Amino acid sequence: MILFRTILFYAVLIIQIRLMGKRQLSQMEPTEFVVTILIANLASIPLENPDHSVWSGLLPMAVILVAGRFFSWISLKNIHIRRLLCGKPVILIENGHLLRNNLRRTRITLDELSAQLRTQGILEIETVQYAILETNGSMTVFPFPEFQPATAKDAGVEASRQELPYTIVSDGQLLSENLSILGKDDHWLQTFLSGNRCTLDDVLLLTVTSRGKTHLIRRDMPPCDSANH
């Protein structure tokens, strides 16, 4: 019974987290974070005490999930409720100057601020035009234009557009849906593999772009790029 309950609640938690969206823990809004904590605690009650029925955990978890989805929906519809539940972005640095009142209000120390800047490759506060603490706790930093890396447009260079590679084979497993998206079929794949003298089981990773550029990594050889269609 304990094994059954453990597997059941594990599956239910995975489903509920998936229903909440794909945000990482550090990117959750306050309402989402509270829902996650409550669901985890409620799941532990029937697991720790076999005398409690399974429904004593499942029913409150469902209620919390529905409430979380409701508040997420209503916050999308009403900006005032969204600000009440999630707060609003706070400017910490403006035109190279620290806004100390905002730092105190958000309880961000100078060490934490400096660490956040270093993760974005910035060592001097004077080079920052704006640093904004977002509602999910992350920090967005905008250096002054003269301290930003030059783009291809700034250098007068015409850069080619990037192409999104689709994974066709991952660790020997064929992803047929991506093959269909690219307008290719099993015959194309078999021809490609034969031309590279390998089988599906020999492939660690195979990606293909919409223009036909391939990237093949075999289990026993270095990667190989080509532009074959």
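This text goes with the structure placed above it.
In this report, we go over the structure that sits alongside the text. (Residues numbered from 1 in each chain as written. Predicted model: local features only at pLDDT ≥ 70, side-chain atom pairs only at ≥ 80, totals over all residues. Heavy atoms only, no water.)

Details of the packing of aromatic side chains
For the coordinates displayed, the defined rule picks out 2 aromatic pairs. Taking 6.3 Å as the distance between ring centres and 35 degrees as the angle between the ring planes, the aromatic pair formed by F70 and W73 counts as tilted. One end of the pair, F70, and the other, W73, are both in helix α3 (residues 55–77), 3 residues apart, so they sit about a helical turn from each other. (Phe/Tyr/Trp six-rings, centres within 6.5 Å; stacked < 30°, edge-to-face > 60°. Helix = DSSP H or I, 4+ residues; strand = E, 2+ residues; numbered from the N terminus.)

Thoughts on unusual backbone geometry
Backbone geometry places N95, a non-glycine residue, at a positive phi of 55 degrees. By the secondary structure assignment, N95 is in the loop between β1 (90–94) and β2 (97–98). Its relative accessible area of 38% is what places N95 among the partly exposed residues. Positive phi outside glycine occurs at R107, with the angle close to 55 degrees. Along the polypeptide, R107 turns up in the loop between α5 (100–106) and α6 (110–119). Using a relative accessible area of 69% as the deciding quantity, one classes R107 as exposed. (Buried < 20%, exposed > 50% of the residue type's maximum accessible area, 1.4 Å probe, protein only.)

Considerations on helix α8 (residues 186–195)
By the burial criterion, the buried members of α8 are W188, L189, F192 and L193. One face of α8 carries all of its buried residues, which in axial projection span an arc of 130 degrees. Exposed side of α8, more than 90 degrees from the buried face: H187, S194 and G195 are the residues found there. Structurally, the start of α8 carries an N-cap: the backbone nitrogen of H187 is 3.3 Å from a side-chain oxygen of D185. The first or second residue beyond α8 is R197, which carries a positive phi of 55 degrees. (Arc of directions from axis to C-beta. Polar contact = N/O pair within 3.5 Å; in protein donor to acceptor, adjacent residues only side chain to side chain.)

Some words on the sheet that holds strand β4 (residues 139–143)
Strand pairing in a sheet takes place through backbone hydrogen bonds and is either antiparallel or parallel in direction. Here we have 4 strands laid out as an open sheet, ordered β2-β1-β3-β4, and antiparallel in their pairing. Edge positions in the sheet fall to β2 and β4, since each has one partner strand and no second. The pairing of β1 with β2 spans 2 bridges and is classified as antiparallel. If you follow E94 over to β2, its bridge partner there is H97. (Pairing = 2+ DSSP bridges.)

Section: the nonpolar core
The biggest cluster of nonpolar side chains holds 13 residues, and the ones touching the most others in it are I168, L189, V203 and L206. Listing elements by their share of this core, those giving two or more residues are β5 (166–170), α8 and β7 (203–208). Broken down by element, the residue count for this core peaks at 4 residues, all from α8. If we ignore the near neighbours within four places in the chain, the residues touching I168 are Q173, L174, L175, N178, L179, L182, L189, L206, T207 and V208. In terms of nonpolar packing, the next biggest core, distinct from the first, is built from 12 residues, V90, L92, L133 and V141 among them. (Core = buried A, V, L, I, M, F, W, Y, C linked by side-chain atoms within 4.5 Å. Contact = heavy atoms within 4.5 Å.)

Examining a nonpolar patch on the surface
Taken together, W55, L59 and V63 make up a surface patch of nonpolar side chains, about 370 Å² in accessible area. Counting through the fold element by element, W55 comes out in helix α3. By relative accessible area, which is 62% here, W55 ends up exposed. (Patch = residues over 30% accessible without salt bridge, like charges linked within 9 Å, V, L, I, M, F, W, Y side chains within 5 Å. Areas by Shrake-Rupley, 256 points an atom, 1.4 Å probe, with all protein chains shown as cover. Salt bridge = Lys/Arg side-chain N within 4 Å of Asp/Glu carboxyl O.)

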